[in-house]
Amino acid sequence: QQRSYYNSGRLKAEHKQRLDEIGGDLGVVPNLEKWNKFYNRLVMYHQREGHCNVPHKHIEEDGLKLGVWLCNQRRTDRKEKLDKHQRQKLEKLGFK
């Protein structure tokens, strides 16, 4: 719960300070490595295609289901649960 508050910018400053004091690391988003792998592939798709409107059924040559991943990001964003930093990165590519 604290991590989701931290990632969405809703964690109170006093709580963040206390967690920092005891060494709590809330800045690490679960599955960040996996998210970055898909994001980097989306960047490549954007460079190649000129947009990031990846069809839902699109699968990269190596089997990476980029379309499904992007659909999940949109769904997560609609629920207002997408990490704000991840959202900012996606918006730079024209994410809607």
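Visitor: Go over the side chain of D83 with me, naming the residues and quoting the values.
Guide: Among the structural elements, D83 can be located in the loop between α4 (66-78) and α5 (84-92). Notably, D83 is buried but unbridged: the nearest opposite-charge side chain belongs to K84, and the N-O separation is 7.6 Å. Only 3.1 Å separates the side chain of D83 from the backbone nitrogen of H85, close enough to count as a polar contact.

Visitor: So what's going on with the pattern of salt bridges? Which residues, and what values?
Guide: Two side chains of opposite charge can pair, provided their charged atoms sit close to one another. Tallying each qualifying case throughout the model produces six salt bridges. Of the charged contacts in the structure, one is a salt bridge between E60 and R48, with a shortest N-O distance of 3.2 Å. On the criterion of sequence distance, the pair formed by E60 in the loop between α3 (32-49) and α4 and R48 in helix α3 is long-range, its members being twelve residues apart. Look at E60 and you get buried, because its relative accessible area is 8%. Residue D77 is joined to R87 by a salt bridge in which the shortest nitrogen-to-oxygen separation is 2.6 Å. Note that D77 is positioned in helix α4 and R87 in helix α5, a separation of ten residues in sequence. The buried category is assigned to D77, whose relative accessible area is 16%.

Visitor: Which residues make up the nonpolar core, and what are the values?
Guide: Counting 16 residues, the largest nonpolar core has Y39, L42, L66, W69 and L90 as its most contacted members. Where this core is concerned, the elements lending two or more residues are α3 and α4. The element contributing the most residues to this core is α3, with six residues. In contact with L42, not counting residues within four places along its chain, are C52, V54, L66, W69, L70, L90 and L93.

Visitor: Before we move on, could you go through the packing of aromatic side chains and cite the residues and values that matter?
Guide: For the structure on display, the rule yields three aromatic pairs. Seen from their ring centres, F38 and W69 are 5.4 Å apart, and the 15 degrees between their planes marks the pair as stacked. With F38 in helix α3 and W69 in helix α4, the pair connects residues that are 31 residues apart, well separated along the chain. Here F38 and W69 have matching classes, each one buried.

How each quantity is defined
- Residues numbered from 1 in each chain as written.
- Predicted model: local features only at pLDDT ≥ 70, side-chain atom pairs only at ≥ 80, totals over all residues.
- Heavy atoms only, no water.
- Helix = DSSP H or I, 4+ residues; strand = E, 2+ residues; numbered from the N terminus.
- Buried < 20%, exposed > 50% of the residue type's maximum accessible area, 1.4 Å probe, protein only.
- Lys, Arg positive; Asp, Glu negative; His and termini not counted.
- Salt bridge = Lys/Arg side-chain N within 4 Å of Asp/Glu carboxyl O.
- Polar contact = N/O pair within 3.5 Å; in protein donor to acceptor, adjacent residues only side chain to side chain.
- Core = buried A, V, L, I, M, F, W, Y, C linked by side-chain atoms within 4.5 Å.
- Contact = heavy atoms within 4.5 Å.
- Phe/Tyr/Trp six-rings, centres within 6.5 Å; stacked < 30°, edge-to-face > 60°.

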